[in-house]
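# An overview of the molecular structure
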Amino acid sequence: MYFSLFLLLFLGSATAVVVKKQKASGYQGPAGIYAQQWLEKNQFPATENSSAFSQNSSGPRSLINQEIESSKSGWALEDTKSMQEKTVDKSITVPETLQPLVLSELPAQPGMDASTSNKKTIKSKNLEAALENALENVIDVAKQISKKATWQVYGGPTLSYRKLTGEASRSNFQYASFPFSTNSLFATNVKDAVYHRPGMGFELGAAMYYPITSKLSLKTGLQLNYNHYQIDAYKGAPEIANYGMNNFGFGSSPISAVSVYRSSGGYMPVTLRNEHYMISIPLGVDYVVAGNKKLNFSIGSTIQPTYVFANYSYLISTNLKNYAKEPSLNRRWNLNSAFEANINFKSGGFKWSVGPQFRYQLISSFKEKYPIRENLMDMGIKLGIIKTIN
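The structure reproduced in this document is the subject of the present report. (Residues numbered from 1 in each chain as written. Predicted model: local features only at pLDDT ≥ 70, side-chain atom pairs only at ≥ 80, totals over all residues. Heavy atoms only, no water.)

In this section: the overall build of the chain. Secondary structure assignment for the chain yields six helices and 12 strands. Relative to its 390 residues, the chain shows a buried fraction of 32%. Working note: accessible area of the chain is about 25500 Å², and carbon and sulfur atoms make up 63% of it. (Helix = DSSP H or I, 4+ residues; strand = E, 2+ residues; numbered from the N terminus. Buried < 20%, exposed > 50% of the residue type's maximum accessible area, 1.4 Å probe, protein only. Areas by Shrake-Rupley, 256 points an atom, 1.4 Å probe, with all protein chains shown as cover.)

Right under this line is the structure:
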């Protein structure tokens, strides 16, 4: 029995010693600077094999030293990584391969107000430069044209007339009595109902001639025309003058105006004056048929976009009985053509031009809904003075 107790105590002691030795050999000390401090406080006693342990990497002290060195290097690496992370957080370094990139060429991003404003400034400067170059080119072209161009101031009296076409409307308007009906025994053609006479007008203008060849020149300018003719009529009692419309139908009704003038049957003859004030831009050519620089004969033709800025006209009603003013039926924009023949001669540093001219209005003076058409005409003598201005 005593032997069994002794054996049990011996085995327990041996087991405790073995466990203690295993713990001592497998103990892991603190890493880094804490390991250094722990090593200084816990020095192993010097033994005969201590030098061997220090030289041999398999010894316990060598293992601890290796652990300390690795801990130090790990600590240094961790500090270096943390410093790099802090550096990255504070600033971003642009790689060398991206340094030549122009920031103004990057797509617009929110918050890039400075680059956007710089971009707009560059665009505005480029636009200003382009406009300046275009203006300089126009000025240069104008200077070149002015060296060759000649200028003319002209004017003269005209005999104004008109051409009327159309027939009485066949719509039976509700007049007071049958004799005032459109289908009564009155003239049906406007030429048989209207009696008009030519009137005096005038023309004033300035033009530029630009030579293409020695004989052919382009022509443009600004021109003022006054057209006037007279109408023989009769004064009568106030009546309703109706102006029927083309394509008369649903939603359309004739225009009515009060008239005190009649084409016939009144109690007193009167003369009505129709006047037109027009401004136009002649565009055409002038060709020298024969002659030399001092004396020659030329012909010319122009197309003239025209604006009628004042119109004082009496319109005949569509039953061809009454005259009244109805401005809503007058056309403002029109188109004229002109043909002229001139004798040109030089005298006293100027070139004089004189000859006949005929001007014809291509579009009716009235709007399309009015069934009667009027084309104005002007025939006159044109006198011009031509001068080269360098």
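Applying the stated criterion across every chain, the model contains eight salt bridges. Note that glutamate 340 is salt-bridged to lysine 382, the shortest N-O span being 2.9 Å. Of this pair, glutamate 340 sits in strand E10 (residues 333–347) while lysine 382 is found in strand E12 (residues 373–388), placing the two residues 42 residues apart along the sequence. When its relative accessible area of 5% is taken as the criterion, glutamate 340 is described as buried. Residue aspartate 378 is joined to arginine 359 by a salt bridge in which the shortest nitrogen-to-oxygen separation is 3.8 Å. Linking aspartate 378 in strand E12 with arginine 359 in strand E11 (residues 350–361), this pair joins segments that are 19 residues apart in sequence. We note that aspartate 378, like arginine 359, is buried. Counted as one network, the salt bridges with shared partners bring together Lys219, Glu340 and Lys382. (Salt bridge = Lys/Arg side-chain N within 4 Å of Asp/Glu carboxyl O.)

Attention shifts here to the pairing of strand E3 (residues 216–243). Bridge count between strand E2 (residues 195–211) and E3: 14 bridges; the pairing is antiparallel. Residue pairing in the sheet places histidine 196 in a bridge with isoleucine 231 of E3. Taking the residues between adjacent antiparallel strands as the criterion, E2 and E3 are bridged by four residues. For E3 and strand E5 (residues 268–280), the ladder comprises 13 bridges, and the chain directions are antiparallel. Bridge pairing in E5 links tyrosine 229 to asparagine 274. Bridge count between E3 and strand E4 (residues 255–262): seven bridges; the pairing is antiparallel. Residue pairing for E4: tyrosine 243 is matched across the bridge by isoleucine 255. (Pairing = 2+ DSSP bridges.)

Position of glutamate 203 relative to the elements: it lies in strand E2. The side chain of glutamate 203 is buried and forms no salt bridge, while arginine 359, the nearest opposite charge, is found at 4.7 Å. A distance of 3.2 Å separates the side chain of glutamate 203 from the side chain of glutamine 223, its partner in a polar contact. Setting aside residues no more than four positions away along its own chain, glutamate 203 makes contact with Tyr154, Gly155, Gly156, Thr158, Gln223, Leu224, Asn225, Gln357 and Arg359. (Lys, Arg positive; Asp, Glu negative; His and termini not counted. Polar contact = N/O pair within 3.5 Å; in protein donor to acceptor, adjacent residues only side chain to side chain. Contact = heavy atoms within 4.5 Å.)

A separate point is the packing of aromatic side chains. Two aromatic rings, taken as a pair, are described by how far apart their centres are and by the angle between their planes. For the coordinates displayed, the defined rule picks out nine aromatic pairs. Geometrically, the ring pair formed by tyrosine 307 and tryptophan 333 is tilted, given 4.8 Å between the ring centres and 55° between the ring planes. Pair noted here: tyrosine 307 is in strand E7 (residues 295–312) and tryptophan 333 is in strand E10, with a separation of 26 residues, a long-range link. For the pair phenylalanine 358 and tyrosine 360, a centre-to-centre distance of 6.5 Å together with 20° between the ring planes defines the contact as stacked. Taking the relative accessible area as the measure of exposure, phenylalanine 358 reaches 34% and is therefore partly exposed. (Phe/Tyr/Trp six-rings, centres within 6.5 Å; stacked < 30°, edge-to-face > 60°.)

The sheet contact formed by E5 and E7 spans six bridges and is antiparallel. Looking at E7, one finds that isoleucine 279 is bridged to tyrosine 307. Where strand E6 (residues 283–291) lies against E7, eight bridges are found, and the strand directions are antiparallel. Residue valine 288 lies in a different strand from E7, and its bridge partner there is serine 298. Of the pairings in the sheet, the one linking E7 to E10 comprises 13 bridges and is antiparallel in character. Counted as the bridge partner of serine 298 is asparagine 342 from E10.

Moving on: a negative patch on the surface. Together, Glu128, Glu132, Glu136 and Asp140 make up a negatively charged patch on the protein surface. Here glutamate 132 lies in helix H5 (residues 113–148). (Patch = residues over 30% accessible without salt bridge, like charges linked within 9 Å, V, L, I, M, F, W, Y side chains within 5 Å. Charge placed at Lys NZ, Arg CZ, Asp CG, Glu CD.)

Before going further, it helps to spend a moment on the nonpolar core. Among the nonpolar cores identified, the biggest contains 27 residues, and Tyr243, Leu272, Ile316, Tyr323 and Tyr370 are the most heavily contacted of them. Only helix H6 (190–193), E3, E4, E5, strand E8 (315–316) and strand E9 (322–324) provide two or more residues apiece to this core. For this core, the leading source of residues is E3, giving five residues. Filtering out sequence-adjacent residues up to four positions away, leucine 272 remains in contact with Tyr229, Gln230, Ile231, Ala233, Tyr261, Tyr314 and Tyr323. (Core = buried A, V, L, I, M, F, W, Y, C linked by side-chain atoms within 4.5 Å.)

A contiguous nonpolar patch, built from Tyr287, Val289, Leu295, Phe297, Ile299, Phe339, Ile343, Phe345, Val354, Ile381 and Leu383 and spanning about 930 Å² of accessible area, is present on the exposed surface. By the secondary structure assignment, phenylalanine 339 is in strand E10. A relative accessible area of 48% means that phenylalanine 339 is categorised as partly exposed.

What follows deals with unusual backbone geometry. Phi is positive for leucine 320, close to 60°, though the residue is something other than glycine. A relative accessible area of 2% places leucine 320 in the buried class.

Turning our eyes to something else, we now look at the environment of alanine 193. Mapping alanine 193 onto the fold places it in helix H6. C-alpha of alanine 193 to C-alpha of leucine 320: the two residues are 127 residues apart in sequence and 6.3 Å apart in space.

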